Amino acid sequence: MVLPIRAYGDPVLKKVAKDIEPGHPGLKQLIADMFETMYEASGVGLAAPQVGHSIRLFIVDASPFAEDDEGKPTEDAHLKDFKKVFINPYIVEEEGEAWPFEEGCLSIPGIREPVERQPRIVLQYQDERFKEHEEAFEGFAARVIQHEHDHLDGVLFTDHLPPLRRRLLQGKLRDISRGKTDAKYKLRFTPVK
Ligand code: NI
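Keep in mind that what you see is a predicted model, and the values were worked out from it rather than measured.

Asks: Which parts of the structure should I look at to understand the sheet that holds strand 3 (residues 57-61)?
Replies: Strands pair in a sheet through their backbones, by hydrogen bonds, and they do so in one of two ways: parallel or antiparallel. Read from one edge of the open sheet, five strands run 2-3-4-7-8, paired in antiparallel fashion. Among the strands making up the open sheet, the edge pair consists of strand 2 (45-47) and strand 8 (132-138). The mean angle between the axes of side-by-side strands here comes to 40°, regardless of whether they run parallel or antiparallel. Looking at chain direction, strand 2 and strand 3 are connected through three bridges and run antiparallel. Pairing of Ala-47 across the sheet is with Phe-58, part of strand 3. Against the sheet, helix 1 (residues 27-40) engages strand 2, strand 3 and strand 4 (83-95), with an angle of about 40° to strand 3. Across the sheet, helix 2 (residues 139-152) is in contact with strand 2, strand 3, strand 4, strand 7 (120-126) and strand 8; its angle to strand 3 comes to roughly 155°.

This is the structure in structure tokens:
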């Protein structure tokens, strides 16, 4: 089932998400729904708070970046298998010189801005069977994880922008929170007082 994605301004996007335990009710269905929702919106990653669940869970699928339109491997061919579920993830190391990359977010439709992040991370997480992993990621894969991991701490990519840039975006962000967007997927807005 495709779920509505919480738009900028929803308080759940600013909350620190909680760890979950094996047997978490409805988890299998939630993960399946999140993949369906992400594909419907043509996203590369989706965090549980974006569909209203304040739990430490996100999914990614960057495999479309591994092939070009004709099905030939791209320079990102290593992303072929980068379809994963991350449960209770924590970045335990981050290193290297920060590099800018234009990010977007399904909760903030129509805005893309360069964000500086470090290129290498080590992530502790559990997979969908709650098996423990500690794994290193770099480049685009690390970038996607850093963005989704931020969602679990109530942080949006716009929070990383320089203050002036954020101020210039304020009007657009307010419009999104009020439902003024031409996004092609289902969003849920929170009425602002
Ligand atoms: Ni996002």
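Next comes the rest of the account.
Asks: Explain the coordination of the nickel ion here, please?
Replies: Octahedral metals with six donors have ideal donor angles of 90 or 180 degrees. Tetrahedral metals with four donors have an ideal donor angle of 109.5 degrees. The protein atoms that coordinate the nickel ion are Cys-105 (SG), His-147 (NE2) and His-151 (NE2), at distances of 2.1 to 2.3 Å. Look at where the donors of the nickel ion fall in the sequence and you get C-x41-H-x3-H. Residue His-147 and its partner His-151 are located together in helix 2, separated by four residues, close to a single helical turn. On the basis of relative accessibility, which here comes to 8%, the residue His-147 falls in the buried class. Relative accessible area serves as the criterion here: at 1%, His-151 is assigned to the buried category.

Asks: Sorry, what's going on with the pairing of strand 7 here?
Replies: Regular strands place their side chains on alternate faces of the sheet. Counting buried positions along strand 7 yields five of seven residues, so the element is predominantly enclosed. Alignment of strand 4 against strand 7, held across six bridges, turns out to be antiparallel. Pairing of Glu-94 across the sheet is with Ile-121, part of strand 7. For strand 7 and strand 8, the ladder comprises seven bridges, and the chain directions are antiparallel. Following the sheet pairing, Gln-124 is matched in strand 8 by Glu-134. The hairpin turn running from strand 7 into strand 8, its antiparallel successor, is five residues long, and Phe-130 in that turn takes a positive phi close to 65°.

Asks: Looking at this model, I keep getting lost on the pairing of strand 6 (residues 113-117). Mind explaining?
Replies: Going residue by residue along strand 6, you find Glu-113, Val-115 and Arg-117 tucked away on one face and Pro-114 and Glu-116 left uncovered on the opposite face. Sheet topology places strand 5 (residues 99-103) next to strand 6; five bridges connect them, and they run antiparallel. Pairing of Trp-99 across the sheet is with Arg-117, part of strand 6.

Asks: Mind showing me how you'd approach helix 3 (residues 163-177) here?
Replies: Note on helix geometry: an α-helix contains 3.6 residues per turn, so any two residues three or four positions apart are oriented the same way. The end-to-end C-alpha distance of helix 3 is 20 Å, a good match for the 21 Å that 15 residues give at a rise of 1.5 Å each. Residue Gln-170 marks the point of greatest curvature in helix 3, where the axis turns by about 45°. Contacts made by the buried residues of helix 3 are with strand 6. Once helix 3 ends, the next one or two residues include Gly-179, with phi positive near 95°.

Asks: Would you mind showing me how to read unusual backbone geometry here?
Replies: Outside of glycine, negative phi angles account for most residues, and trans bonds account for most peptide bonds. At Ser-42, a position not held by glycine, the phi torsion is positive, near 55°. Owing to a relative accessible area of 65%, Ser-42 belongs among the exposed residues under this scheme.

Asks: Mind showing me how you'd approach the packing of aromatic side chains here?
Replies: For any pair of aromatic rings, the description rests on two quantities: the centre-to-centre distance and the angle between the ring planes. Evaluated as defined, the whole model comprises seven aromatic pairs. With a centroid separation of 6.1 Å and 75° between ring planes, the pair formed by Phe-86 and Phe-137 is classed as edge-to-face. Here Phe-137 lies in strand 8 and Phe-86 lies in strand 4, a separation of 51 residues in the sequence. Judged on exposure class, the residue Phe-86 and its partner Phe-137 are both buried. Members of the aromatic cluster, joined through ring pairs, are Phe-58, Phe-82, Phe-86, Tyr-125 and Phe-137. Stacked on the ring of Tyr-90, the Lys or Arg Arg-56 has its end atom at 4.1 Å from the ring centre.

Rules of the game
- Residues numbered from 1 in each chain as written.
- Predicted model: local features only at pLDDT ≥ 70, side-chain atom pairs only at ≥ 80, totals over all residues.
- Heavy atoms only, no water.
- Pairing = 2+ DSSP bridges.
- Helix = DSSP H or I, 4+ residues; strand = E, 2+ residues; numbered from the N terminus.
- Axes fitted to C-alpha atoms, helices over the stretch in contact; angles between N-to-C directions.
- Contact = heavy atoms within 4.5 Å.
- Donors = N, O, S within 2.8 Å, 3.2 Å for Na, K, Ca; no water.
- Buried < 20%, exposed > 50% of the residue type's maximum accessible area, 1.4 Å probe, protein only.
- Expected span 1.5 Å × (residues − 1).
- Bend = angle between axes of the 7 residues up to and from the residue.
- Phe/Tyr/Trp six-rings, centres within 6.5 Å; stacked < 30°, edge-to-face > 60°.
- Lys NZ or Arg CZ within 6 Å of the ring centre and 35° of its normal.

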